[in-house]
Amino acid sequence: MPPEIAGIHHVTAIAGDPRQNLHFYTAVLGLRLVKLTVNYDDPQSYHLYYGDALGRPGTLMTFFAWPGTARGRQGNGQVVATAFAVPEGSLPYWAARLAEHGVSAGEPLVRFDGRVLIFRDPDGLPLELVAASPLDSERAWRAGPVAPEHAIHGLHHVTLSEEGYQRTAALLSETLGFRLAGEQDNRFRYAAGAGGPGALVDIVCAPDSRPGRVSLGTVHHVAWRTPDDASQAAWRREIAAQGYNVTPVMDRTYFRSIYFREPGGVLFEIATDTPGMTVNEPAERLGSRLVLPAWLEPRRSQIEAVLPPLDLPAGAPF
(Lines give C-alpha, C1' and ligand atoms only; values in the text may rest on other atoms or scores of the structure.)
Protein backbone atom coordinates (compact mmCIF):
# COMPACT_ATOMS: atom_id res chain seq x y z
CA MET A 1 0.00 0.00 0.00
CA PRO A 2 1.13 3.59 -0.59
CA PRO A 3 2.10 5.76 2.40
CA GLU A 4 -0.99 7.13 4.16
CA ILE A 5 -2.56 10.38 3.06
CA ALA A 6 -1.37 13.01 5.54
CA GLY A 7 -4.27 15.41 5.04
CA ILE A 8 -5.26 18.29 2.79
CA HIS A 9 -2.57 19.64 0.47
CA HIS A 10 -4.57 22.57 -0.96
CA VAL A 11 -8.00 23.70 -2.07
CA THR A 12 -8.45 25.44 -5.44
CA ALA A 13 -11.49 27.62 -6.13
CA ILE A 14 -12.69 29.98 -8.87
CA ALA A 15 -12.60 33.75 -8.41
CA GLY A 16 -13.62 36.69 -10.57
CA ASP A 17 -11.67 39.91 -10.12
CA PRO A 18 -8.11 38.96 -9.08
CA ARG A 19 -7.58 42.35 -7.38
CA GLN A 20 -10.61 41.85 -5.16
CA ASN A 21 -9.52 38.28 -4.40
CA LEU A 22 -5.98 39.37 -3.54
CA HIS A 23 -7.20 42.09 -1.19
CA PHE A 24 -9.62 39.81 0.65
CA TYR A 25 -7.28 36.90 1.28
CA THR A 26 -4.25 39.01 2.23
CA ALA A 27 -5.58 42.25 3.75
CA VAL A 28 -8.72 40.78 5.38
CA LEU A 29 -7.92 37.14 6.15
CA GLY A 30 -4.21 37.83 6.63
CA LEU A 31 -2.78 35.04 4.47
CA ARG A 32 0.47 35.44 2.57
CA LEU A 33 0.48 35.58 -1.22
CA VAL A 34 3.06 32.86 -1.77
CA LYS A 35 2.86 32.46 -5.54
CA LEU A 36 1.72 34.71 -8.34
CA THR A 37 1.55 32.66 -11.50
CA VAL A 38 -0.87 31.73 -14.27
CA ASN A 39 -3.24 28.89 -14.93
CA TYR A 40 -1.04 26.50 -16.93
CA ASP A 41 -4.05 25.43 -19.01
CA ASP A 42 -5.21 29.04 -19.53
CA PRO A 43 -2.08 31.23 -19.33
CA GLN A 44 -3.98 34.46 -19.88
CA SER A 45 -5.47 34.16 -16.39
CA TYR A 46 -3.90 34.30 -12.94
CA HIS A 47 -3.41 31.42 -10.55
CA LEU A 48 -3.04 32.90 -7.05
CA TYR A 49 -1.67 30.90 -4.11
CA TYR A 50 -2.15 31.90 -0.45
CA GLY A 51 -0.76 30.24 2.64
CA ASP A 52 1.67 30.51 5.53
CA ALA A 53 5.18 31.99 5.38
CA LEU A 54 6.44 29.24 3.07
CA GLY A 55 3.20 28.10 1.46
CA ARG A 56 3.44 24.71 3.14
CA PRO A 57 1.04 21.95 2.12
CA GLY A 58 -1.98 22.08 4.39
CA THR A 59 -2.03 25.89 4.44
CA LEU A 60 -2.64 26.53 0.74
CA MET A 61 -5.77 28.08 -0.73
CA THR A 62 -5.44 28.80 -4.45
CA PHE A 63 -7.62 30.50 -7.04
CA PHE A 64 -8.11 30.47 -10.77
CA ALA A 65 -9.08 34.09 -11.48
CA TRP A 66 -11.51 34.31 -14.39
CA PRO A 67 -13.09 37.78 -14.59
CA GLY A 68 -16.56 37.78 -16.10
CA THR A 69 -17.18 34.06 -15.66
CA ALA A 70 -20.71 32.92 -14.80
CA ARG A 71 -21.63 32.37 -11.17
CA GLY A 72 -21.60 28.77 -10.00
CA ARG A 73 -24.10 26.97 -7.81
CA GLN A 74 -23.51 25.22 -4.52
CA GLY A 75 -24.86 21.69 -4.41
CA ASN A 76 -24.16 17.99 -4.48
CA GLY A 77 -20.95 16.74 -6.02
CA GLN A 78 -18.98 19.71 -4.70
CA VAL A 79 -16.79 20.94 -1.91
CA VAL A 80 -19.38 23.26 -0.35
CA ALA A 81 -17.26 24.76 2.44
CA THR A 82 -13.57 25.34 3.07
CA ALA A 83 -12.63 25.76 6.73
CA PHE A 84 -9.54 27.43 8.19
CA ALA A 85 -8.17 26.78 11.67
CA VAL A 86 -7.80 29.69 14.10
CA PRO A 87 -6.74 29.70 17.77
CA GLU A 88 -9.22 29.01 20.55
CA GLY A 89 -10.94 32.18 21.73
CA SER A 90 -10.30 34.14 18.53
CA LEU A 91 -13.76 33.98 16.94
CA PRO A 92 -14.99 37.24 18.57
CA TYR A 93 -11.97 38.98 17.05
CA TRP A 94 -12.76 37.51 13.65
CA ALA A 95 -16.46 38.39 13.83
CA ALA A 96 -15.48 42.00 14.53
CA ARG A 97 -12.78 42.04 11.84
CA LEU A 98 -15.09 40.65 9.19
CA ALA A 99 -17.80 43.16 10.12
CA GLU A 100 -15.28 46.01 9.84
CA HIS A 101 -14.61 44.90 6.27
CA GLY A 102 -18.29 44.59 5.38
CA VAL A 103 -18.40 40.80 5.54
CA SER A 104 -21.51 39.28 7.09
CA ALA A 105 -21.05 36.34 9.44
CA GLY A 106 -23.66 34.66 11.58
CA GLU A 107 -23.34 33.73 15.22
CA PRO A 108 -20.77 30.97 15.81
CA LEU A 109 -22.21 27.48 15.95
CA VAL A 110 -20.91 24.33 17.60
CA ARG A 111 -19.95 21.46 15.32
CA PHE A 112 -18.37 18.32 16.73
CA ASP A 113 -15.90 19.68 19.30
CA GLY A 114 -15.30 23.12 17.82
CA ARG A 115 -16.96 26.51 17.40
CA VAL A 116 -17.41 27.60 13.79
CA LEU A 117 -17.87 31.03 12.18
CA ILE A 118 -19.47 30.91 8.72
CA PHE A 119 -19.14 33.59 6.02
CA ARG A 120 -18.47 34.05 2.30
CA ASP A 121 -15.72 35.68 0.28
CA PRO A 122 -16.50 38.48 -2.24
CA ASP A 123 -17.37 35.92 -4.94
CA GLY A 124 -19.77 34.04 -2.67
CA LEU A 125 -17.40 31.16 -1.85
CA PRO A 126 -18.48 29.56 1.46
CA LEU A 127 -15.76 29.77 4.10
CA GLU A 128 -15.50 28.84 7.77
CA LEU A 129 -13.20 29.63 10.67
CA VAL A 130 -12.91 26.86 13.24
CA ALA A 131 -11.55 27.55 16.72
CA ALA A 132 -9.18 24.64 17.24
CA SER A 133 -6.30 23.36 19.34
CA PRO A 134 -3.56 22.35 19.37
CA LEU A 135 -2.29 24.33 16.36
CA ASP A 136 1.12 24.44 14.71
CA SER A 137 2.38 27.99 15.31
CA GLU A 138 4.54 27.81 12.18
CA ARG A 139 1.40 27.76 10.05
CA ALA A 140 0.52 31.38 10.92
CA TRP A 141 1.77 34.20 8.66
CA ARG A 142 3.36 36.44 11.29
CA ALA A 143 4.16 39.35 8.97
CA GLY A 144 0.55 39.80 7.90
CA PRO A 145 -2.10 42.20 9.21
CA VAL A 146 -3.52 39.72 11.76
CA ALA A 147 -1.65 39.13 15.01
CA PRO A 148 -0.44 35.53 15.58
CA GLU A 149 -2.80 35.01 18.51
CA HIS A 150 -5.71 35.35 16.09
CA ALA A 151 -4.17 34.43 12.73
CA ILE A 152 -5.26 31.62 10.46
CA HIS A 153 -3.15 28.50 11.03
CA GLY A 154 -3.78 26.65 7.79
CA LEU A 155 -6.74 24.63 6.62
CA HIS A 156 -8.97 22.79 9.08
CA HIS A 157 -11.29 20.69 6.91
CA VAL A 158 -13.37 20.65 3.76
CA THR A 159 -17.03 19.71 3.46
CA LEU A 160 -18.35 17.59 0.60
CA SER A 161 -22.05 17.59 -0.24
CA GLU A 162 -23.25 14.26 -1.64
CA GLU A 163 -26.58 12.80 -2.71
CA GLY A 164 -25.55 9.62 -0.91
CA TYR A 165 -22.42 9.38 1.18
CA GLN A 166 -21.75 5.64 1.24
CA ARG A 167 -19.62 5.25 -1.90
CA THR A 168 -17.59 8.36 -1.14
CA ALA A 169 -17.11 7.17 2.43
CA ALA A 170 -15.95 3.79 1.14
CA LEU A 171 -13.36 5.45 -1.11
CA LEU A 172 -12.06 7.52 1.78
CA SER A 173 -11.90 4.68 4.28
CA GLU A 174 -11.19 1.58 2.18
CA THR A 175 -8.85 3.06 -0.45
CA LEU A 176 -7.41 6.34 0.82
CA GLY A 177 -7.01 5.24 4.44
CA PHE A 178 -9.24 7.78 6.21
CA ARG A 179 -11.15 6.72 9.33
CA LEU A 180 -14.54 7.77 10.64
CA ALA A 181 -13.96 10.36 13.38
CA GLY A 182 -17.47 11.56 14.17
CA GLU A 183 -21.14 11.76 13.19
CA GLN A 184 -23.53 14.65 13.70
CA ASP A 185 -26.98 14.45 12.12
CA ASN A 186 -26.33 14.01 8.37
CA ARG A 187 -22.64 15.01 8.65
CA PHE A 188 -19.89 12.40 8.78
CA ARG A 189 -16.32 13.43 9.63
CA TYR A 190 -13.32 11.46 8.39
CA ALA A 191 -9.71 11.91 9.45
CA ALA A 192 -6.47 11.15 7.63
CA GLY A 193 -3.06 10.43 9.10
CA ALA A 194 -2.70 11.77 12.63
CA GLY A 195 -6.02 13.60 12.33
CA GLY A 196 -6.68 17.08 13.68
CA PRO A 197 -6.74 20.40 11.83
CA GLY A 198 -5.77 20.03 8.17
CA ALA A 199 -6.46 16.31 8.05
CA LEU A 200 -10.26 16.28 8.15
CA VAL A 201 -13.06 15.99 5.62
CA ASP A 202 -16.78 16.14 6.31
CA ILE A 203 -19.36 14.45 4.10
CA VAL A 204 -22.86 15.91 4.26
CA CYS A 205 -25.50 13.50 2.99
CA ALA A 206 -28.07 15.68 1.18
CA PRO A 207 -30.33 13.48 -0.97
CA ASP A 208 -32.81 16.29 -1.58
CA SER A 209 -30.26 18.89 -2.73
CA ARG A 210 -29.73 19.70 -6.38
CA PRO A 211 -26.40 19.11 -8.13
CA GLY A 212 -23.86 21.90 -7.91
CA ARG A 213 -22.31 23.71 -10.85
CA VAL A 214 -18.60 24.51 -10.70
CA SER A 215 -17.92 28.11 -11.72
CA LEU A 216 -17.44 31.48 -10.01
CA GLY A 217 -17.63 31.23 -6.23
CA THR A 218 -17.20 27.46 -6.03
CA VAL A 219 -14.36 25.05 -5.34
CA HIS A 220 -12.75 23.52 -8.41
CA HIS A 221 -10.95 20.67 -6.60
CA VAL A 222 -9.43 19.54 -3.32
CA ALA A 223 -5.93 18.04 -3.18
CA TRP A 224 -4.67 15.47 -0.70
CA ARG A 225 -1.06 15.21 0.47
CA THR A 226 1.47 12.55 -0.38
CA PRO A 227 5.18 13.02 0.41
CA ASP A 228 6.95 12.44 -2.89
CA ASP A 229 6.88 11.13 -6.47
CA ALA A 230 7.30 7.47 -5.50
CA SER A 231 4.34 7.53 -3.12
CA GLN A 232 2.25 9.36 -5.70
CA ALA A 233 3.05 6.71 -8.31
CA ALA A 234 1.91 4.05 -5.83
CA TRP A 235 -1.32 5.95 -5.26
CA ARG A 236 -1.91 6.22 -8.98
CA ARG A 237 -1.58 2.45 -9.37
CA GLU A 238 -3.88 1.82 -6.43
CA ILE A 239 -6.58 4.24 -7.61
CA ALA A 240 -6.47 2.94 -11.16
CA ALA A 241 -6.75 -0.62 -9.83
CA GLN A 242 -9.99 0.41 -8.11
CA GLY A 243 -11.45 1.37 -11.50
CA TYR A 244 -11.11 5.15 -11.29
CA ASN A 245 -10.15 7.17 -14.35
CA VAL A 246 -6.98 8.80 -13.00
CA THR A 247 -4.88 11.24 -15.02
CA PRO A 248 -1.19 10.90 -15.81
CA VAL A 249 1.17 12.74 -13.48
CA MET A 250 1.14 16.48 -14.21
CA ASP A 251 4.02 18.80 -13.31
CA ARG A 252 2.70 21.87 -11.49
CA THR A 253 6.24 23.16 -10.74
CA TYR A 254 5.68 23.31 -6.97
CA PHE A 255 4.25 19.80 -6.76
CA ARG A 256 3.22 16.94 -9.03
CA SER A 257 -0.45 16.09 -9.40
CA ILE A 258 -2.82 13.33 -10.36
CA TYR A 259 -6.59 13.85 -10.62
CA PHE A 260 -9.71 11.70 -10.50
CA ARG A 261 -13.38 12.11 -9.58
CA GLU A 262 -14.72 10.46 -6.47
CA PRO A 263 -18.06 8.61 -6.78
CA GLY A 264 -20.14 11.69 -5.95
CA GLY A 265 -18.43 13.81 -8.58
CA VAL A 266 -15.97 15.95 -6.58
CA LEU A 267 -12.63 16.36 -8.34
CA PHE A 268 -9.87 14.93 -6.15
CA GLU A 269 -6.16 15.54 -6.60
CA ILE A 270 -3.24 13.82 -4.94
CA ALA A 271 -0.30 16.22 -4.82
CA THR A 272 3.28 15.78 -3.67
CA ASP A 273 4.67 17.81 -0.78
CA THR A 274 7.83 18.42 -2.80
CA PRO A 275 9.48 20.47 -4.21
CA GLY A 276 7.50 23.33 -2.64
CA MET A 277 7.00 27.05 -3.20
CA THR A 278 10.67 28.01 -2.86
CA VAL A 279 11.77 25.96 -5.88
CA ASN A 280 11.94 29.13 -8.02
CA GLU A 281 11.77 31.99 -5.49
CA PRO A 282 13.56 32.53 -2.17
CA ALA A 283 11.32 32.50 0.90
CA GLU A 284 11.64 36.25 1.45
CA ARG A 285 10.47 37.00 -2.12
CA LEU A 286 7.54 34.62 -2.41
CA GLY A 287 4.65 36.20 -4.27
CA SER A 288 6.55 39.35 -5.15
CA ARG A 289 6.57 38.90 -8.94
CA LEU A 290 4.85 37.01 -11.73
CA VAL A 291 6.50 33.60 -12.00
CA LEU A 292 6.05 31.53 -15.15
CA PRO A 293 7.08 27.95 -15.90
CA ALA A 294 9.99 27.60 -18.30
CA TRP A 295 7.78 26.69 -21.26
CA LEU A 296 5.79 29.92 -20.89
CA GLU A 297 8.74 32.30 -20.42
CA PRO A 298 9.02 32.95 -24.20
CA ARG A 299 5.44 34.28 -24.03
CA ARG A 300 5.97 36.51 -20.97
CA SER A 301 5.43 39.86 -22.69
CA GLN A 302 2.26 38.58 -24.37
CA ILE A 303 0.93 37.15 -21.09
CA GLU A 304 1.74 40.26 -19.06
CA ALA A 305 -0.02 42.43 -21.64
CA VAL A 306 -3.39 40.76 -21.01
CA LEU A 307 -3.24 40.20 -17.25
CA PRO A 308 -4.83 42.95 -15.13
CA PRO A 309 -2.38 44.87 -12.93
CA LEU A 310 -2.15 43.93 -9.26
CA ASP A 311 -0.93 45.90 -6.24
CA LEU A 312 1.07 43.22 -4.47
CA PRO A 313 1.28 43.11 -0.66
CA ALA A 314 5.07 43.42 -0.90
CA GLY A 315 4.54 46.86 -2.40
CA ALA A 316 5.92 46.10 -5.85
CA PRO A 317 3.00 46.57 -8.28
CA PHE A 318 2.82 44.22 -11.23
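Thresholds applied
- Here, residues in each chain are numbered from 1, in the same order as that chain's written sequence.
- Owing to the predicted nature of the model, reporting of local features is limited to residues with pLDDT of at least 70; listing and counting of side-chain atom pairs is limited to 80 or more, with chain, interface and lining totals taken over all residues.
- Only hydrogens and water are set aside when side-chain values are computed; all heavy atoms of the structure are taken into account.
- Throughout, exposure labels follow a simple rule: accessible area from a 1.4 Å probe, protein chains only, divided by the maximum for the residue type, with under 20% read as buried, over 50% as exposed, and the rest as partly exposed.
- Under the scheme used here, helices are H or I runs from DSSP no shorter than 4 residues and strands are E runs no shorter than 2 residues, and both carry numbers assigned from the N terminus.
- Between any two strands, at least two bridges found by DSSP are needed for them to pair.
- In what follows, residue pairs with any heavy atoms lying within 4.5 Å of each other are defined as contacts.
- Note on geometry: axes are C-alpha line fits, over the in-contact stretch for helices, and angles between N-to-C directions span 0 to 180 degrees.
- N or O atoms closer than or at 3.5 Å make up a polar contact, with two conditions inside protein: a donor-capable atom paired with an acceptor-capable one, and, for residues adjacent in sequence, both atoms drawn from side chains.
- Salt bridge, as applied in this entry: a Lys or Arg side-chain nitrogen positioned within 4 Å of an Asp or Glu carboxyl oxygen.
- Throughout, the arc means that of the directions going from the helix axis to the C-beta atoms.

Q: Talk me through the pairing of strand β5 (residues 78-87); I want residue IDs and the actual numbers.
A: Taking burial as the measure, the 10 residues of β5 include nine buried ones, the bulk of the element. In terms of strand pairing, β5 meets strand β9 (residues 155-162) through six bridges, oriented antiparallel. Looking at β9, one finds that Ala81 is bridged to Thr159. Relative to strand β8 (residues 126-132), β5 runs parallel, the two being bridged by six bridges. Each bridged residue has a counterpart across the sheet, and for Thr82 the counterpart in β8 is Leu127.

Q: Account for the sheet that holds strand β15 (residues 256-261), naming residues and giving values.
A: Judged by pairing direction, the sheet is mixed, and its eight strands sit side by side in the order β2-β3-β4-β1-β13-β16-β15-β14 without closing on themselves. Here the strands that pair on one side only, and so sit at the sheet edges, are β2 (32-39) and β14 (250-251). Taken strand by strand, helix α4 (residues 229-241) contacts β13 (219-226), β15 and β16 (267-272), and its axis lies near 20° from that of β15.

Q: Give a description of helix α1 (residues 18-28) that names residues and reports values.
A: Listing the buried residues of α1 in full gives Pro18, Asn21, Leu22, Phe24, Tyr25, Thr26 and Val28. The backbone nitrogen of Arg19 has a side-chain oxygen 2.9 Å away, supplied by the residue at the start of α1, namely Asp17. Downstream of α1 by a residue or two, Gly30 has a phi angle that is positive, lying close to 80°.

Q: If you had to explain the environment of Ala305 to someone new, which residues and values would you point to?
A: With respect to the helices and strands, Ala305 occurs in helix α5 (residues 300-306). Measuring from C-alpha to C-alpha, the distance between Ala305 and Glu107 comes to 44 Å, with 198 residues separating the pair along the chain.

Q: How would you summarise the pattern of salt bridges if you had to cite specific residues and measurements?
A: Applying the stated criterion to the full structure yields 11 salt bridges. For the salt bridge of Glu281 with Lys35, the shortest nitrogen-to-oxygen distance reads 2.7 Å. Residue Glu281 is found in the loop between β16 and α5, and its partner Lys35 is found in strand β2; the two are separated by 246 residues along the sequence. One exposure class covers both Glu281 and Lys35, and it is buried. Residues Glu297 and Arg300 are paired through a salt bridge, measuring 2.9 Å at the closest nitrogen-oxygen approach. Exposure remark for Arg300: the relative accessible area of 19% places this residue in the buried category.

Q: Quick rundown of helix α2 (residues 91-100)? Include the residues and the values.
A: Of the positions making up α2, those classed as buried are Leu91, Trp94, Arg97 and Leu98. Looking straight down α2, one finds its buried side chains confined to an arc of 120°; they lie on one side. Exposed residues pointing more than 90 degrees away from the buried face of α2 are listed as Pro92, Ala99 and Glu100. Where α2 is buried, its residues touch α1, β5, β7 (114-120) and β8.

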